[in-house]
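The residues making up each chain are set out below.
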Amino acid sequence: ALQKTGPDQPFEVATIERRDPRPDDVVIDIKAAGICHSDIHTLRNEWGEAAFPLTVGHEIAGVVEAVGDAVADWKIGDRVGVGCMVDSCGQCQECRAGYEQCCLEGHVGTYNATDVDGTITQGGYAEKIVVNQRFVLRIPEALGFDAAAPLLCAGITSYSPLARWGAGETIDGRPKQVAVLGLGGLGHMGVQIAAAMGAEVTVLTRTLRKEAEALELGAKRVLATTADGFFHHSRGQFDLILNTISADIDLDRYLQLLAPRGVMAVVGLPPAPQSLGFGSLIGNNKVLAGSNIGGIKETQEMLDFCAEHGLASVIETIGIDGADAAYDRVVAGDVKFRVVIDTATFASAEVA
């Protein structure tokens with residue numbers, strides 16, 4: 001596995017120990033692992049102190065290598081994925097309703113969380129992983145492992161709020177006007193998914209540098225938020241805004257872009273608290289909503305939707321020796337649009 005021993009240390013190849021598979025566990029041979037900004041935040045201690053040494057990665061695609069005696073839905077050779085969770089209580093009202101990410105006992109994260117055996121979970125920048133059968137997802141044949149891997153976080157994070165707030169619905173016979181704020185790893189999936197749902201999509205970004213890519217992904221137009229008069233001319237235009245920005249923004253100004261009863265769904269997580277005047281919501285009955293990944297059933301729904309509509313992450317693939325440089329490029333916004341680690345490159349690596 002790729003592992004860091006501290007926030008300022010480089011990646012090194014190390015041997016990590018997985019728990020012994022239980023009767024209801026699945027062992028997966030990992031083929032591809034996406035790099036998510038959450039991985040970077042975690043390893044750089046930007047979301048609190050991480051449990052080093054640590055292997056991250058919660059965008060995992062691979063093949064079933066072994067199954068426990070109690071596993072009925074999976075067999076050796078199945079094409080599968082694992083996202084941001086590897087367990088939950090399975091009994092509370094949230095789990096029973098399909099919202100395992102909201103488990104009242106706390107779900108078990110794919111990495112940097114306490115596993116059922118008391119150890120710290122280790123993520124997908126590795127050759128293999130052991131996962132409870134309930135948290136394994138089927139990857140359709142139409143999706144390659146590398147392009148599918150980022151869907152397990154970026155895909156479901158974008159899909160869930162778009163589905164929840166009806167991006168594909170019409171208003172008085174017209175398509176919903178959906179704005180995607182930011183065109184990065186999350187935003188580029190949001191554009192594709194919203195367009196496939198039937199929405200008319202506008203990308204809101206600081207400059208028009210990525211205009212060609214946005215239009216190719218399915219956007220009808222791209223607007224630069226730094227242009228003179230942007231907030232005045234765009235006031236009240238959008239029924240739904242998918243906010244993927246993980247930086248400070250003027251929420252009050254952006255909420256002015258919503259039509260009456262419009263919704264801003266937030267999936268980006270800025271490091272500092274944001275300021276908001278309640279008048280921005282109360283006026284015209286607007287909604288500011290958060291969204292955290294999705295449950296297992298909805299994640300499978302997303303994978304099937306992407307396969308049906310020919311959607312996938314736009315990626316570049318690297319070997320394990322390129323992870324440190326990739327992190328710097330992700331932070332600098334120099335990636336279009338997702339980086340995926342080819343885990344086959346572990347075969348020629350030397351263990352530290």
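Residues numbered from 1 in each chain as written. Predicted model: local features only at pLDDT ≥ 70, side-chain atom pairs only at ≥ 80, totals over all residues. Heavy atoms only, no water.

**Some remarks on unusual backbone geometry**
Phase 1: For the bond running from F52 to P53, omega is -5°, close enough to zero to count as cis.
Phase 2: Relative to the helices and strands, P53 is located in the loop between α1 (37-43) and β4 (60-67).
Phase 3: A cis amide bond links K336 with the next residue in sequence, F337, at an omega value of -5°.
Phase 4: Mapped onto the secondary structure, F337 falls in the loop between α11 (323-331) and β19 (338-342).
Phase 5: Unusually for a residue other than glycine, I293 sits at a positive phi of about 40°.
Phase 6: Locating I293 in the fold gives a position in the loop between β17 (287-290) and α10 (296-309).
Phase 7: Taking relative accessible area as the criterion, I293 reaches 9% and is therefore assigned buried. (Helix = DSSP H or I, 4+ residues; strand = E, 2+ residues; numbered from the N terminus. Buried < 20%, exposed > 50% of the residue type's maximum accessible area, 1.4 Å probe, protein only.)

**Focus: the sheet that holds strand β16 (residues 258-266)**
Phase 1: The strand order across the open sheet built from 6 strands is β14-β13-β12-β15-β16-β17, with neighbouring strands paired in parallel fashion. Each end of this open sheet is capped by a strand with a single partner; those strands are β14 (221-224) and β17. On average, each strand axis in the sheet is inclined to that of its neighbour by 20°, with strand direction left out of account.
Phase 2: Bridge analysis of strand β13 (residues 200-205) against β14 gives 4 bridges, and the strand direction is parallel. The residue of β14 that forms the bridge with V203 is V222.
Phase 3: Contacts from helix α4 (residues 154-164) reach β12 (177-181), β15 (238-243), β16 and β17 within the one sheet, and its direction differs from that of β15 by about 155°. (Pairing = 2+ DSSP bridges. Axes fitted to C-alpha atoms, helices over the stretch in contact; angles between N-to-C directions. Contact = heavy atoms within 4.5 Å.)

**Section: the pairing of β19**
Along a regular strand, successive side chains alternate from one face of the sheet to the other.
Phase 1: Along β19, 4 of the 5 residues are buried, which leaves the element largely enclosed by surrounding structure.
Phase 2: In the sheet, strand β3 (residues 25-35) pairs with β19 via 4 bridges, with the strands oriented antiparallel. Looking across to β19, one finds that A33 is bridged to I341.
Phase 3: Pairing analysis gives 4 bridges linking strand β18 (residues 315-318) to β19, with the strands arranged parallel. Looking across to β19, one finds that I315 is bridged to R338.

**Some remarks on the packing of α4 against helix α5 (residues 185-197)**
Phase 1: It is the contact of α4 with α5, at a shortest axis distance of 8 Å, that shows an interaxial angle of 45°. Between α4 and α5, the crossing angle belongs to the class labelled oblique. Once α4 is placed against α5, the crossing between them reads as right-handed. From α4, A154, G155, T157, S158, Y159, L162 and A163 reach across to α5, where they touch G185, L186, M189, G190, I193, A194 and M197.
Phase 2: Of the residues assigned to the contact of α4 with α5, the class counts are 9 nonpolar, 5 polar and no charged. (Parallel < 35°, antiparallel > 145°, perpendicular 65-115°, else oblique. Left-handed = near helix turned anticlockwise from the far one by under 90°. Nonpolar A, V, L, I, M, F, W, Y, C, P; charged D, E, K, R; others polar.)

**Here we look at the packing of aromatic side chains**
Phase 1: Taken as a whole, this structure holds 5 aromatic pairs when the rule is applied.
Phase 2: Measuring from centroid to centroid gives 6.0 Å for F11 and Y125, while their planes differ by 50°, and the two rings are tilted. Here F11 is found in the loop between β1 (2-3) and β2 (12-13), whereas its partner Y125 is found in the loop between β7 (108-109) and β8 (128-132), with 114 residues between them in sequence. The pair F11 / Y125 is uniform in exposure class, with both members buried.
Phase 3: Put simply, the rings of F11, Y125 and Y327 touch in pairs and so form one group of aromatic residues.
Phase 4: Across the ring face of F11, the terminal group of K4 is positioned such that the distance to the ring centre comes to 4.5 Å. (Phe/Tyr/Trp six-rings, centres within 6.5 Å; stacked < 30°, edge-to-face > 60°. Lys NZ or Arg CZ within 6 Å of the ring centre and 35° of its normal.)

**Details of the packing of α5 against α10**
Phase 1: Put simply, α5 and α10 touch, their axes get as near as 11 Å, and they point 75° apart. Taken together, the axes of α5 and α10 lie roughly perpendicular to each other. Along the contact surface, α5 presents M189, I193, A196 and M197, while α10 presents F305, C306 and H309.
Phase 2: Its residues placed into classes, the contact of α5 with α10 shows 6 nonpolar, 1 polar and no charged.

**A look at the nonpolar core**
Phase 1: One finds I28, V131, L162, V191 and I193 to be the most contacted residues of the largest nonpolar core, which totals 67 residues.
Phase 2: Residue contacts for L162: discarding those within four places in its chain leaves A167, V178, G190, I193, A194, M197, L240 and L242. (Core = buried A, V, L, I, M, F, W, Y, C linked by side-chain atoms within 4.5 Å.)

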